[in-house]
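Working through the structure, step by step
Take a look at the letters that make up each chain.
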Amino acid sequence: MLTLFHAPRSRSSRIVWLLEELGAPYQLRYVSIRYGDGSGDGPDPANPHPDAKVPALRDDAALVTESAAVATYVADRFPAAALAPAIGDADRGAYLTWLSWIEGEFGPAIFARMASPDGPAPAAFAAALRRLDAALAAGPFLLGERFSAADVMLGGTLGWARHLLPQDGAIAAYAARLAARPAFARAAARDAVPVA
Ligand SMILES: N[C@@H](CCC(=O)N[C@@H](CS)C(=O)NCC(=O)O)C(=O)O
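Residues numbered from 1 in each chain as written. Predicted model: local features only at pLDDT ≥ 70, side-chain atom pairs only at ≥ 80, totals over all residues. Heavy atoms only, no water.

Before going further, it helps to spend a moment on the layout of surface pockets. Summary: where empty space remains is shown by rolling a probe the size of a single water molecule over the atoms. Taken as a whole, the largest pocket encloses approximately 1,200 Å³ of empty space. Contributing to the lining of the largest pocket are 39 residues, with Arg-9, Ser-10, Arg-11, Phe-111 and Trp-160 lying nearest its centre. Classifying every residue of the lining of the largest pocket by side-chain character gives 16 nonpolar, 12 polar and 11 charged. The computed volume of the second largest pocket comes to approximately 200 Å³. Lining the second largest pocket are 15 residues, and of these Leu-158, Gly-159, Arg-162, Ala-175 and Ala-176 lie nearest its centre. Mapped by element, the contributors of at least two residues to the lining of the second largest pocket are helix H5 (149-160) and helix H6 (170-179). Looking at the lining of the second largest pocket element by element, the count peaks at 6 residues for H6. (1 Å grid on protein atoms, 1.4 Å probe; cavity = no way out; pocket = protein on both sides within 12 Å on 5 of 7 lines; lining within 4 Å. Points joined across faces, edges and corners; volume = space filled by probe spheres on them. Nonpolar A, V, L, I, M, F, W, Y, C, P; charged D, E, K, R; others polar. Helix = DSSP H or I, 4+ residues; strand = E, 2+ residues; numbered from the N terminus.)

Below you can see the structure in the form of structure tokens.
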């Protein structure tokens, strides 16, 4: 049984969504973190993440952290769901590229825009949107017709950053398409700590 160490409205929310898409058996362990706005309590001694962040995933003795690694790990772990092109598949390279790009390039570009929300967009943010627009022109998903874990990771980021993004066009339509998925709704229902 997988255990996901999770905090509501955080990077681990995307992993809840991905586990729902995969149909994976998992349990959630809610941990407290210090959010970027200063709210919340951290570090939580129950969190095995070396930096007390989320997501952290336990699979028996294995501990996996870093969002792209966790997404890669769980999507490969449940191959029947076909959300990760296998090693040797022609789409594997593009898939890994997107997973890394979302965390390594797109996330920082979003934070650059958040730091400077008015006026011209930072070059990295504008470039990231151009790249997504170009990819989605061939859509409906990052790998064309093929939905993958990379779409979940990007969809989660687009969701919390929607106020910074174009309100219409290919990116907005893509974000709406992803948010309409049943697994997204199931994950949203599990995101917050259940009220006892
Ligand atoms: N590089 C990590 C970043 C994880 C991260 O910063 N998570 C935030 C929540 S979105 C967190 O746990 N913050 C608590 C803290 O910084 O103490 C990843 O991609 O998983």
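The subject of this paragraph is the nonpolar core. In this structure, Phe-106, Leu-132 and Leu-142 are the most contacted members of the largest nonpolar core, which totals 52 residues. Ranked by the residues each element gives to this core, the list is headed by helix H3 (residues 92-115), at 8 residues. Other than its neighbours up to four places away in sequence, Leu-142 contacts Trp-98, Ile-102, Leu-132, Ala-135, Leu-136, Ala-150, Asp-151, Leu-154 and Tyr-174. Counting 7 residues, the second-largest nonpolar core is a separate cluster that includes Phe-5, Ala-7, Ile-33 and Val-54. (Core = buried A, V, L, I, M, F, W, Y, C linked by side-chain atoms within 4.5 Å. Buried < 20%, exposed > 50% of the residue type's maximum accessible area, 1.4 Å probe, protein only. Contact = heavy atoms within 4.5 Å.)

One pass over the full model with this rule turns up 5 aromatic pairs. A ring pair is formed by Phe-141 and Phe-147, whose centres lie 5.3 Å apart and whose planes are at 65°; its orientation type is edge-to-face. An aromatic cluster is present here, built from Trp-98, Trp-101 and Phe-106 joined pairwise through their rings. Sitting over the ring of Tyr-35, Arg-9 keeps its end group 5.0 Å from the ring centre. Lying across the ring of Trp-98, Arg-131 places its NZ or CZ 5.4 Å from the centre. (Phe/Tyr/Trp six-rings, centres within 6.5 Å; stacked < 30°, edge-to-face > 60°. Lys NZ or Arg CZ within 6 Å of the ring centre and 35° of its normal.)

With that out of the way, let us pick up unusual backbone geometry. Of the consecutive residues Val-54 and Pro-55, the connecting peptide bond is found in the cis state with omega at 5°. A cis amide bond, omega 15°, links Gly-139 with the succeeding residue Pro-140. Of note, Pro-140 is situated in the loop between helix H4 (123-137) and H5. Even without being glycine, Arg-9 reaches a positive phi, approximately 50°. Relative to the elements of secondary structure, Arg-9 occurs in the loop between strand S1 (2-6) and helix H1 (11-22). Overall, Arg-9 belongs to the exposed group, its relative accessible area being 63%. Positive phi values are uncommon outside glycine, yet Ala-82 reaches one of about 55°. Structurally, the position occupied by Ala-82 is in the loop between helix H2 (67-77) and H3.

What follows concerns the site of the ligand. Lining the immediate environment of the ligand, one finds Ser-10, Arg-11, Ile-33, Arg-34, Lys-53, Val-54, Pro-55, Glu-66 and Ser-67. Between an oxygen atom of the ligand and a side-chain N or O atom of Arg-11, the distance comes to 3.4 Å. Between Val-54 and the ligand, the recorded distance is 2.9 Å, taken from a backbone N or O atom to an oxygen atom. Expressed as a share of its isolated accessible area of 510 Å², the protein-covered part of the ligand is 74%. Taken atom by atom, the bulk of the ligand overlaps the largest pocket. (Near = heavy atom within 4 Å. Polar contact = N/O pair within 3.5 Å; in protein donor to acceptor, adjacent residues only side chain to side chain. Areas by Shrake-Rupley, 256 points an atom, 1.4 Å probe, with all protein chains shown as cover. Sits in = over half its atoms within 2 Å of the grid points.)

Below, the discussion takes up the side chain of Glu-20. Among the structural elements, Glu-20 can be located in helix H1. A polar atom in the side chain of Glu-20 sits 2.9 Å from the side chain of Arg-186.

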